[in-house]
Amino acid sequence: MTAQSSNSFASKTAQGLAVLLIAAIFFSLGIWQLNRAAALKKSLVTATNVSEAIVPLESIAKSRETLPAQAINRWVKFSGHYVSDFKAPNQVDGAGKLNDWEVGLLQIGTNEGILVVRGLWSERLLNPDISQAMIIDIQGQLLAHQFDDHSINGDGSISRLDSSVIVGLTGLDLFDGYVLASAESHRGEKLIRQRPTPEKLSSRIPGFYWQHLSYVVIWWLMAGVVLYLPFYRRRVAS
């Protein structure tokens, strides 16, 4: 074998390996995207098949940690005292009603806290005898934090129901998500006020799921194109 033919063989081998490597990368990206789609679908099923049992908050969630998928939409109970009060404008409840909500930061124990939707902002003065020193028992639905802003931060308002927007306002270790309170009580006496209803859970597969599947097709199509390209160039050359 001459040096020229040897170099040609080595060049073709390197090109072939490069083609296989690129195709393998595209194929593995398709597998990764397919796994993401499966995980998304699984989390949806988990979130919509929710137990009605009321469990202690700290049995299914931990402060300073991302809210687990199996904890979302669960009914929880916990106790503490309110240390801050916020206005959450332009919130929509399960009935589609637009309102400003009152959101309290409830301190649990000595160093943990969670956002609690207490009711309508217009009814925030209904229980004037409740002070920050009082221990309040809460029952409600634990929900994932909001991603989209409904207003702007400032002047006692928060842009969305998300503990990350108040991190700089407190030294407490915050829970991810928030609780939509269905009941508040102090020493067995219920605090009566109108409570926002949660949005109805839907088992419909979200658009992100189909986007993931479309990316799977795209990645694998690109892998096929990369594998076919050398044969196409050879046909054109001949």
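Computed from a prediction, not measured in an experiment: that's the story for all the values here.

Draft legend 1. Region of the structure containing the overall build of the chain. Counting its regular elements, the chain contains two helices and seven strands. Reading the chain from its N end, one meets helices and strands in the order α-β-β-β-β-β-β-β-α. A buried classification covers 36% of the 238 residues belonging to the chain. For the chain, restricting intrachain contacts to residue pairs at least 6 apart in sequence, the fraction spanning at least 24 positions comes to 68%.

Draft legend 2. Representation of unusual backbone geometry. Phi angles above zero are rare outside glycine, and Asn90 is one such case at about 60 degrees. For Arg187, which is not glycine, the phi torsion reads 55 degrees and is therefore positive. Positionally, Arg187 belongs in the loop between strand S6 (173-186) and strand S7 (189-190). Taking relative accessible area as the criterion, Arg187 reaches 78% and is therefore assigned exposed.

Draft legend 3. The arrangement of the packing of aromatic side chains in detail. Summed over the entire model, instances satisfying the criterion amount to two aromatic pairs. With 5.9 Å between their ring centres and 25 degrees between their planes, Phe26 and Trp219 make a pair best called stacked. Pair noted here: Phe26 is in helix H1 (residues 3-48) and Trp219 is in helix H2 (residues 207-237), with a separation of 193 residues, a long-range link. By relative accessible area, Phe26 is classed as buried at 15%. The interplanar angle of 15 degrees and the centroid separation of 5.4 Å between the aromatic rings of Phe27 and Trp220 together place this pair among those described as stacked. Note that Phe27 is positioned in helix H1 and Trp220 in helix H2, a separation of 193 residues in sequence. Among the residues examined, Trp220 registers a relative accessible area of 34% and is labelled partly exposed. Above the face of the Tyr82 ring, Arg118 is positioned so that its terminal group lies 4.2 Å from the ring centre.

Draft legend 4. Molecular detail of the layout of surface pockets. What the second largest pocket holds in volume is close to 460 Å³. The wall of the second largest pocket is formed by 14 residues, among which Gln15, Gly16, Val19, Pro230 and Arg234 lie closest to the centre. Class assignment of the residues belonging to the lining of the second largest pocket gives a composition of nine nonpolar, two polar and three charged.

Draft legend 5. Seen up close, a nonpolar patch on the surface. Residues Tyr228, Leu229, Phe231, Tyr232 and Val236 make up a contiguous nonpolar surface patch of roughly 530 Å² in combined accessible area. As for its position among the elements, Tyr232 is in helix H2. With a relative accessible area of 42%, Tyr232 lands in the partly exposed category.

Draft legend 6. Molecular detail of the pairing of strand S3 (residues 98-108). Extensive coverage of S3 is indicated by the burial of eight of its 11 residues. Note: strand S2 (residues 75-92) against S3, nine bridges, orientation antiparallel. Following the sheet pairing, Ala88 is matched in S3 by Trp101. The antiparallel hairpin formed by S2 and S3 contains five residues in its connecting segment, where Gly96 sits at a positive phi of about 85 degrees. Pairing between S3 and strand S4 (residues 112-120): eight bridges, direction antiparallel. Bridging across to S4, Gly104 finds its partner in Val116. Between S3 and S4, which pair antiparallel in sequence order, lie three residues; one of them, Gly109, sits at a positive phi of approximately 65 degrees.

Draft legend 7. The nonpolar core, seen in detail. Ranked by internal contacts, the top residues of the largest apolar core, which has 21 residues, are Leu57, Val76, Phe78, Ile114, Val116, Ile138 and Leu142. Of all elements in the fold, only S2, S3, S4, strand S5 (136-143) and S6 reach the threshold of two or more residues within this core. Residues Phe86, Leu143, Ile166 and Leu174 belong to the second largest nonpolar core, which totals 17 residues.

Draft legend 8. Here's a closer look at the side chain of Glu102. Secondary-structure assignment places Glu102 in strand S3. Residues within four places of Glu102 in sequence aside, it is in contact with Asp85, Phe86, Val116, Val117, Arg118, Gly119, Leu120, Trp121, Arg124 and Arg193.

Draft legend 9. Representation of the environment of Asp149 in the model. Secondary-structure assignment places Asp149 in the loop between S5 and S6. In this structure the C-alpha to C-alpha distance between Asp149 and Leu161, which are 12 residues apart in sequence, comes to 8.6 Å. Apart from the residues within four sequence positions on either side, Asp149 is in contact with Ser159 and Arg160. Polar contacts involving the side chain of Asp149 include one to the side chain of Ser159, which spans 3.1 Å. There is a polar contact of 2.7 Å between the side chain of Asp149 and the side chain of Arg160.

What counts and what doesn't
- Residues numbered from 1 in each chain as written.
- Predicted model: local features only at pLDDT ≥ 70, side-chain atom pairs only at ≥ 80, totals over all residues.
- Heavy atoms only, no water.
- Helix = DSSP H or I, 4+ residues; strand = E, 2+ residues; numbered from the N terminus.
- Buried < 20%, exposed > 50% of the residue type's maximum accessible area, 1.4 Å probe, protein only.
- Contact = heavy atoms within 4.5 Å.
- Phe/Tyr/Trp six-rings, centres within 6.5 Å; stacked < 30°, edge-to-face > 60°.
- Lys NZ or Arg CZ within 6 Å of the ring centre and 35° of its normal.
- 1 Å grid on protein atoms, 1.4 Å probe; cavity = no way out; pocket = protein on both sides within 12 Å on 5 of 7 lines; lining within 4 Å.
- Points joined across faces, edges and corners; volume = space filled by probe spheres on them.
- Nonpolar A, V, L, I, M, F, W, Y, C, P; charged D, E, K, R; others polar.
- Patch = residues over 30% accessible without salt bridge, like charges linked within 9 Å, V, L, I, M, F, W, Y side chains within 5 Å.
- Areas by Shrake-Rupley, 256 points an atom, 1.4 Å probe, with all protein chains shown as cover.
- Salt bridge = Lys/Arg side-chain N within 4 Å of Asp/Glu carboxyl O.
- Pairing = 2+ DSSP bridges.
- Core = buried A, V, L, I, M, F, W, Y, C linked by side-chain atoms within 4.5 Å.
- Polar contact = N/O pair within 3.5 Å; in protein donor to acceptor, adjacent residues only side chain to side chain.

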